[in-house]
Amino acid sequence: RLPRVALWDRYGGSMTSGWTRKILEDFEFDFEVVYAEEIAGGDLRSRFDVLILEDGAVPAPDQRGGGRGGGGGGAADATGVPAEYRDRIGSITAERGVPEILDFARAGGTVIAIGSSARLGYYAGLPMSDHLAENGRSPSRSEYYTPGSVHSLKVEHESPLTHGLDDRLDVLFSNSPLFDLEPGAEAVGVRRLGWFDTDQPLRSGWAWGQERMQGGTALVEAELGDGKLFLFTPRITFRSQSHAAFPLLFNGIFYGSADDEPIF
């Protein structure tokens with residue numbers, strides 16, 4: 001059967017989720033839009049095989065709620081909201097939503113986390129850290145800033161996730177997170193599939209301090225229980241324009257939900 005796909009959104013509309021919705025519609029995927037309260041209700045695995053979390057869905061570990069661009073946010077005021085839309089109000093938080101997402105993966109589901117939402121890997125306890133931080137401090141904007149620029153990524157072909165891609169991929173990077181994988185990560189099912197292998201990855205636009213990106217991991221495949229986490233820190237679906245990077249989304253949907261049992 002076809003994979004059952006869920007796409008996160010928020011009340012009032014997430015721009016990033018809206019563009020991904022257009023991609024899924026244009027390429028004729030069947031999917032259902034889900035909201036924070038529905039996710040926090042749990043039991044996602046009985047209904048879905050794949051959950052797509054766009055940029056801004058998951059808060060950084062030191063934040064209480066999800067918001068635009070991955071920060072701040074919190075629940076909207078229900079005053080004046082029509083009753084039929086009130087179940088869409090709310091944000092994913094560390095206490096409500098994140099645990100249910102991880103339970104979904106452990107039960108055999110696939111989570112595709114894009115942009116800032118790739119920080120979900122921290123909540124999952126994956127052996128990784130912030131590549132851009134120095135001595136526990138994130139760089140200031142005067143030290144490092146990549147406002148929606150295109151960078152060249154080195155692709156590792158060790159997974160069906162990168163099927164159809166060349167050895168290099170141009171990706172839209174908009175102040176996205178970057179990771180370092182700890183020694184022994186692959187032994188526990190965490191693999192680096194894309195990284196910046198040069199101190200000058202910029203292809204289009206501008207980037208201040210781009211040399212800080214060298215060595216940073218941008219594409220991660222991780223096993224979690226019976227399921228998988230795909231962490232894509234670049235904005236691979238940015239305004240539905242990044243067609244060369246779409247295979248990561250499409251492969252993630254089909255590969256992640258594939259049944260390993262033989263068909264006779």
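Residues numbered from 1 in each chain as written. Predicted model: local features only at pLDDT ≥ 70, side-chain atom pairs only at ≥ 80, totals over all residues. Heavy atoms only, no water.

As for helix α1 (residues 15–26)
Helix length check: α1 (12 residues) gives 17 Å between terminal C-alpha atoms against 16 Å at 1.5 Å per residue, within 8%. Trailing α1 by a residue or two, Glu28 shows a phi angle of about 60°, which is positive. (Helix = DSSP H or I, 4+ residues; strand = E, 2+ residues; numbered from the N terminus. Expected span 1.5 Å × (residues − 1).)

Here we look at the confidence of the model for the chain
On average, residues of the chain score 91 in pLDDT, and 92% of them reach the 70 mark or higher. Long-range and interchain partners of residues 64–74, a stretch whose pLDDT sits below 50, account for 36 contacts in this model, where long-range means more than four residues apart. (pLDDT = per-residue confidence, 0-100. Contact = heavy atoms within 4.5 Å.)

What about the packing of aromatic side chains?
For the coordinates displayed, the defined rule picks out 10 aromatic pairs. Their ring planes at 15° and their centres at 5.8 Å tell us that Phe230 and Tyr255 sit as a pair that is stacked. You can see Phe230 sitting in strand β12 (residues 227–232) and its partner Tyr255 sitting in helix α5 (residues 246–256), a full 25 residues away along the chain. With relative accessibility at 0%, the residue Phe230 sits in the buried group. Taken together, the ring pairs connect Phe27, Phe29, Phe246, Phe250 and Phe254 into an aromatic cluster. (Phe/Tyr/Trp six-rings, centres within 6.5 Å; stacked < 30°, edge-to-face > 60°. Buried < 20%, exposed > 50% of the residue type's maximum accessible area, 1.4 Å probe, protein only.)

Focus on the side chain of Thr237
On the secondary structure map, Thr237 appears in the loop between β12 and α5. Given a relative accessible area of 3%, Thr237 falls into the buried group. Apart from residues no more than four positions distant in its own chain, Thr237 is found in contact with Trp19, Thr20, Ile23, Glu54, Ile114, Phe246 and Leu249.

Some details on the environment of Leu2
As for its placement among the helices and strands, Leu2 is situated in the segment before β1 (5–8). Residue classification places Leu2 among the exposed residues on the basis of a relative accessible area of 59%. In the structure, Leu2 is positioned 47 residues away from Asp49 in sequence and 9.4 Å away in space, judged by C-alpha atoms. Each residue touching Leu2, except ones within four places of it in the same chain, is listed here: Asp30 and Asp49.

Examining the pairing of strand β11 (residues 217–224)
Most of β11 sits inside the fold, with seven of its eight residues counted as buried. The pairing of β11 with β12 spans six bridges and is classified as antiparallel. Across the sheet, Val220 pairs through a bridge with Leu231, a residue of β12. In this structure, the hairpin formed by β11 and β12 is closed by a connection of two residues, where Gly225 is found at a positive phi of approximately 60°. (Pairing = 2+ DSSP bridges.)

Considerations on helix α3 (residues 98–106)
Taken residue by residue, α3 has Val98, Ile101, Leu102, Phe104 and Ala105 as its buried positions. In a view along the axis of α3, the buried residues occupy a sector of 150°, so they form one face of it. Buried residues along α3 sit in contact with α2 (36–40), β3 (50–53), β4 (110–114), α4 (120–123), β11 and β12. Gly108 sits one or two positions beyond α3 and adopts a positive phi of about 110°. (Arc of directions from axis to C-beta.)

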